[in-house]
Amino acid sequence: MPQISKRQNSGSISARQLEILARRHGTPLYVYDWEEIARAWREFDQELSDLPHLICAAVKANANLALLGGLAKLGSGFDIVSGGELARVLRAGGAANRVVFSGVGKTRDEMDAALQAGVLLFNIESAPELALLEARARARRQTAAFGIRVNPNIAAPTHPHIATGLHRHKFGLAAPAALALYEKYRSSRWLRARGLSFHIGSQILDPRPFAAALAKVLPMIRHLRQFVPLGYLDIGGGLGIDYRHGRAVPVGPFLMPLKKSLAASGLTLLLEPGRRLFASAGLLLTRVLYIKDNARRRFVIVDAGHNDLIRPAFYDAWHRIAPLRPRPGAARRVDIVGPICETADFFALERPLAPVRAGDLLAIYDAGAYGFSLSSNYNARPRAAEVLLENGRARLIRRRETYADLMAPEI
Ligand code: LLP
């Protein structure tokens, strides 16, 4: 019985149901399990029940309106990094005053849109960015609440492309520069320092770097609170999942040191989880097109490409892959590859796989985060459809793109 994830108590869906969805909507097809997303969100919420907190789902991980709308109904806030993500959150019914705006390169238009909407906090990453925010707030006769993203110079054990907490990374400001900025704007009429944030990376399975980053910023916060009204500590996202086995990684141990240190502070804790909310709640269904033996290698060529799921090519990511209906016989090592004209267009290399034939369906697991949201139209491939399972029912939440969609913006 394939499950969206192999987590305990996770909602499961039968191979038969998935086959029906694949026939109805075609492949490649993303399938998400709403209950699993809601369960992950509530896990954070319950772990933090004795602290003032706000969970701001990282929109970049999965920006589908139906999912954002469901999270908004749970009371979620959102972490956005662009005007487009702001537009999505608002369209989905998210409350602007629960939105934090992150990112190193916010444009003037994006700042204006966020000021207009009334976001909770701008997470600022450089001196010129804060100067522009002040100018825009002044022009609009509005006060902007900001926090500074501190770069704690903490190494996180993860893929180098998704580590963000070292001084050599473009993110945040080193502590002295951050303190100087708070100081500089402490009496600005248009800016109000309300927060401090960090985000040390993504797919982190060890709680210690979070505790280390916290230990670096707590003295800063204590110092700052003597002269600025800080109300929020934003610890970013970054909690990983177990791609190998699909076991749940509990969030409690990551939050424990925070709970202890913040209990008496009166600060509201902001979290920006992305992967941990969505990844294991989604799978990518793909159909085998051809089996090809070349020299000593066997290729299973499927109809999904790295335009649909780029994580293996981009981050050497390992996703569990299994046929919906394993055929009898011994597994053999195969390369599972897509139709795109790039050698990096693979989902797995030399992976033992049960026998499959053309026409069989494969599930690529743990694809709910940074799957569809990182997908593209490369090779003029329409992006996949997305289906949401909720209360045992399947609902199309994004139709497959058409060739006309691909060409529509061109004049
Ligand atoms: N907050 C900020 C400021 C971020 O930059 C990110 C992710 C998050 C929160 C959410 O992090 P999460 O909880 O999902 O780890 N495409 C990559 C991941 C890129 C993460 C970028 N920033 C992947 O597929 O592994």
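Predicted model, so just to flag it, every value in this text is computed and none were measured.

1. Details of the domain arrangement of the protein chain
In many analyses, interface size is given as the accessible surface area lost on bringing the parts together.
Piece 1. Taken as a whole, the protein chain is organised into domain 1 (15-31 + 280-407) and domain 2 (35-276).
Piece 2. Distance from the C-alpha centre of domain 1 to the C-alpha centre of domain 2: 32 Å.
Piece 3. Listed per partner, the contact involves 22 residues of domain 1 and 20 residues of domain 2.
Piece 4. Interface of domain 1 and domain 2: buried area, both sides summed, is about 1,900 Å²; carbon and sulfur atoms make up 50% of it.
Piece 5. Together, Tyr 315, Trp 318 and Tyr 370 form the three largest contributors to the area buried by domain 1 at its contact with domain 2, with a combined 30%.

2. Concerning the pairing of strand 1 (residues 29-33)
Piece 1. Of all 5 residues making up strand 1, 5 are buried, and the element is well covered by its neighbours.
Piece 2. Alternating residues of strand 1 divide into Leu 29, Val 31 and Asp 33 and Tyr 30 and Tyr 32, and every residue in both groups is buried.
Piece 3. Sheet analysis places strand 1 next to strand 10 (residues 282-294), joined by 4 bridges and oriented antiparallel. Bridging from a neighbouring strand, Tyr 30 pairs with Leu 284 of strand 10.
Piece 4. Where strand 1 meets strand 16 (residues 385-390), 5 bridges bridge the pair, whose relative direction is parallel. Bridge pairing in strand 16 places Tyr 32 opposite Leu 388.

3. Describing the sheet that holds strand 7 (residues 191-197)
Piece 1. Read around the closed barrel, 8 strands run 2-3-4-5-6-7-8-9, paired in parallel fashion. In this sheet, neighbouring strand axes are inclined to one another by 30° on average, regardless of whether the strands run parallel or antiparallel.
Piece 2. Alignment of strand 8 (residues 232-234) against strand 9 (residues 268-271), held across 3 bridges, turns out to be parallel. Bridge pairing links Tyr 232 to Thr 268 in strand 9.
Piece 3. Contacts from helix 8 (residues 208-224) reach strand 7 and strand 8, with the element oriented near 155° to strand 7.

4. Here's the deal with helix 4 (residues 83-91)
Piece 1. Inspection of helix 4 places Glu 85, Leu 86 and Val 89 among the buried residues, and these make up the whole buried set. An end-on view of helix 4 places all buried positions within 105° of arc, on one side of the element.
Piece 2. On the buried face of helix 4, the contacting elements are helix 3 (65-74), strand 3 (77-80), strand 4 (99-101) and helix 5 (108-117).
Piece 3. Measuring from the side-chain oxygen of the N-cap residue of helix 4 to the backbone nitrogen of Gly 84 gives 3.3 Å; that N-cap residue is Ser 82.
Piece 4. Two residues or fewer after helix 4 comes Gly 93, characterised by a positive phi angle close to 95°.

5. Points about the side chain of Arg 136
Piece 1. Mapped onto the fold, Arg 136 is located in helix 6 (residues 127-140).
Piece 2. Beyond its immediate stretch of four places on either side in the chain, Arg 136 contacts Arg 108, Met 111, Asp 112 and Leu 115.

6. Digging into the pattern of salt bridges
Piece 1. Inspection of every chain in the model, using the stated rule, returns 21 salt bridges.
Piece 2. The closest approach of N and O atoms between Arg 247 and Asp 242, which form a salt bridge, is 3.8 Å.
Piece 3. For Arg 247, a relative accessible area of 54% corresponds to the exposed category.
Piece 4. Counted as one network, the salt bridges with shared partners bring together Arg 297, Asp 335 and Glu 350.

Rules used throughout
- Residues numbered from 1 in each chain as written.
- Predicted model: local features only at pLDDT ≥ 70, side-chain atom pairs only at ≥ 80, totals over all residues.
- Heavy atoms only, no water.
- Domains from an automatic or database assignment.
- Contact = heavy atoms within 4.5 Å.
- Buried area = accessible area lost by both parts, 1.4 Å probe.
- Buried < 20%, exposed > 50% of the residue type's maximum accessible area, 1.4 Å probe, protein only.
- Helix = DSSP H or I, 4+ residues; strand = E, 2+ residues; numbered from the N terminus.
- Pairing = 2+ DSSP bridges.
- Axes fitted to C-alpha atoms, helices over the stretch in contact; angles between N-to-C directions.
- Arc of directions from axis to C-beta.
- Polar contact = N/O pair within 3.5 Å; in protein donor to acceptor, adjacent residues only side chain to side chain.
- Salt bridge = Lys/Arg side-chain N within 4 Å of Asp/Glu carboxyl O.

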